[in-house]
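If you want the building blocks of each chain, they are given just below.
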Amino acid sequence: VINTIAKLAKTCTLRLTTSKLYFILCDKVANGGVSLWSELCQGNFFDEFQMEGIAAEHNEIYLEFVPENLSRALKTAQNAKAVKIKLTNRHCPCLRVAVELPSLSSSSRIVTHDIPVGVIPRRLWNDFREPSVPDFDVSIYLPALKTMKSVVERMKNLSNSIVIEANLSGEMNLKIETDLVSVTTHFKDLGNPPWASDGESQSSGQDRDLESMAEACIDIRKLQQLLAGQQVNPTKALCNIVSKRIVHFILLHEDVSLQYFIPALA
């Protein structure tokens, strides 16, 4: 998860609660407006977990950090006997990653990484709420991400933007159009998630023609970053399109969910 996020964001926010960890990126619209929201249940990752927020009614901690630094620290932990992550305050607030490595002698080797973090004050917490998803026009399962990645990588050499369009009949197209070239890749029989036609999560779902396409034109580099950095290996990947406004990707693994929002280009 951290490796994926490190490919998508230079800095990100870690929100800690008693039951979950959240990795959050809320980019400003001026920077392309990409948002990311990833949720992990702490019980699936830690044998022991203790945390204390600033008060009983606000039992949470918000930290800003550079995901690449945490990614590097965790790479040393691949063959570890144990890993401890602790919030400390030596010369500045740090996430201390202590990695116990196997050793030939009876004494264990411990490698320690101190990753500087910024503690986000309570008054700013509301800036890091889960992004709301506007009523989408189409929701569709994505094709194999490896296939999609190779298609997008080829298209990236031809254009800076890509049009994603899909309908409620399980069809999706990736298109680029420039003065010199027009390329479209078609995917069929992808299937639509059950909520795509129940009309509850989308106001327009009930009266939408199953064949008509909803489309959004997005920055191709943002899409390529998501596909290239993908290490979560999701069991389900789907895409919601709000016509001309936003493309919302959801990647689900057994114990991880990752949402990624790419706004449409004007």
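Computed from a predicted structure; not experimentally measured.

### Brief notes about the pattern of salt bridges
According to the stated counting rule, one finds 8 salt bridges in the structure shown. Note that E215 and K244 form a salt bridge whose closest N and O atoms lie 3.8 Å from each other. Within this pair, whereas E215 is found in strand β13 (residues 214–219), its partner K244 is found in the loop between β14 (236–242) and β15 (246–253), the two being separated by 29 residues in sequence. Salt-bridge contacts for D219 lead to R221; the nearest nitrogen and oxygen are separated by 2.9 Å. Take D219: its relative accessible area is 11%, and that puts it in the buried class.

### Comments concerning the sheet that holds strand β4 (residues 61–65)
With antiparallel pairing, 9 strands are arranged side by side in an open sheet as β8-β4-β1-β2-β3-β16-β15-β14-β9. At either margin of the open sheet sits one strand with a lone partner, and together these are β8 (118–119) and β9 (138–141). Sheet topology places strand β1 (residues 12–16) next to β4; 5 bridges connect them, and they run antiparallel. Counterpart to L16 in the pairing with β4 is I61. Set on the sheet, helix α4 (residues 220–228) makes contact with β15 and β16 (256–263); between it and β16 the angle comes to about 165°.

### Some details on the domain arrangement of the protein chain
When the parts of a complex come together, some accessible area is lost, and that lost area is often used as the size of the interface. Partitioning the protein chain into domains gives domain 1 (1–127) and domain 2 (138–197 + 209–263). Just the C-alpha atoms count here: the centres of domain 1 and domain 2 sit 29 Å apart. Residue-level contacts link 18 residues of domain 1 with 15 residues of domain 2. Surface buried jointly by domain 1 and domain 2 totals about 1,500 Å² across both partners, of which 57% is contributed by carbon and sulfur atoms. Linking domain 1 to domain 2 there are 0 salt bridges. For the pair domain 1 and domain 2, the number of links is 4 residue pairs in polar contact (both at pLDDT 80 or more). Breaking the side of domain 1 that touches domain 2 down by element, the ones donating at least two residues are α1 (2–8) and β3 (35–41). Split by residue class, the side of domain 1 that touches domain 2 holds 8 nonpolar, 8 polar and 2 charged.

### Notes on the nonpolar core
Core analysis: the largest hydrophobic core is formed by 61 residues, its most contacted members being I162, I164, M172, L174, L223, F249 and Y260. Broken down by element, this core gets its largest block of residues, 5 residues, from helix α3 (residues 145–156). Domain assignment of the residues forming this core places at least three in each of domain 1 (1–127) and domain 2 (138–197 + 209–263). Apart from residues no more than four positions distant in its own chain, M172 is found in contact with I140, L142, P143, M148, I164, E165, A166, T185, H186, F187 and L190. Of all hydrophobic cores here, the second largest spans 7 residues; its members include Y22, I24, Y62 and W125.

### As for the environment of T18
Looking at the secondary structure, you find T18 in the loop between β1 and β2 (20–26). You can call T18 partly exposed: its relative accessible area is 45%. Between the alpha carbons of T18 and N59 there is a distance of 7.5 Å; along the sequence they are 41 residues apart. Residues in contact with T18, not counting those within four places in the same chain, are Q42, F49, M51 and N59.

### Describing the packing of aromatic side chains
Under the definition given, this model contains 5 aromatic pairs. Ring centres 5.3 Å apart and planes at 50° place the aromatic pair Y22 and W37 in the tilted group. In this pair, Y22 is assigned in strand β2 and W37 in strand β3, connecting sequence segments 15 residues apart. You can call Y22 buried: its relative accessible area is 10%. Classification of W37 as buried rests on a relative accessible area of 2%. Here a set of aromatic residues connected by ring pairs shows up, and it is made of Y62, W125 and F128.

Conventions we followed
- Residues numbered from 1 in each chain as written.
- Predicted model: local features only at pLDDT ≥ 70, side-chain atom pairs only at ≥ 80, totals over all residues.
- Heavy atoms only, no water.
- Salt bridge = Lys/Arg side-chain N within 4 Å of Asp/Glu carboxyl O.
- Helix = DSSP H or I, 4+ residues; strand = E, 2+ residues; numbered from the N terminus.
- Buried < 20%, exposed > 50% of the residue type's maximum accessible area, 1.4 Å probe, protein only.
- Pairing = 2+ DSSP bridges.
- Contact = heavy atoms within 4.5 Å.
- Axes fitted to C-alpha atoms, helices over the stretch in contact; angles between N-to-C directions.
- Domains from an automatic or database assignment.
- Buried area = accessible area lost by both parts, 1.4 Å probe.
- Polar contact = N/O pair within 3.5 Å; in protein donor to acceptor, adjacent residues only side chain to side chain.
- Nonpolar A, V, L, I, M, F, W, Y, C, P; charged D, E, K, R; others polar.
- Core = buried A, V, L, I, M, F, W, Y, C linked by side-chain atoms within 4.5 Å.
- Phe/Tyr/Trp six-rings, centres within 6.5 Å; stacked < 30°, edge-to-face > 60°.

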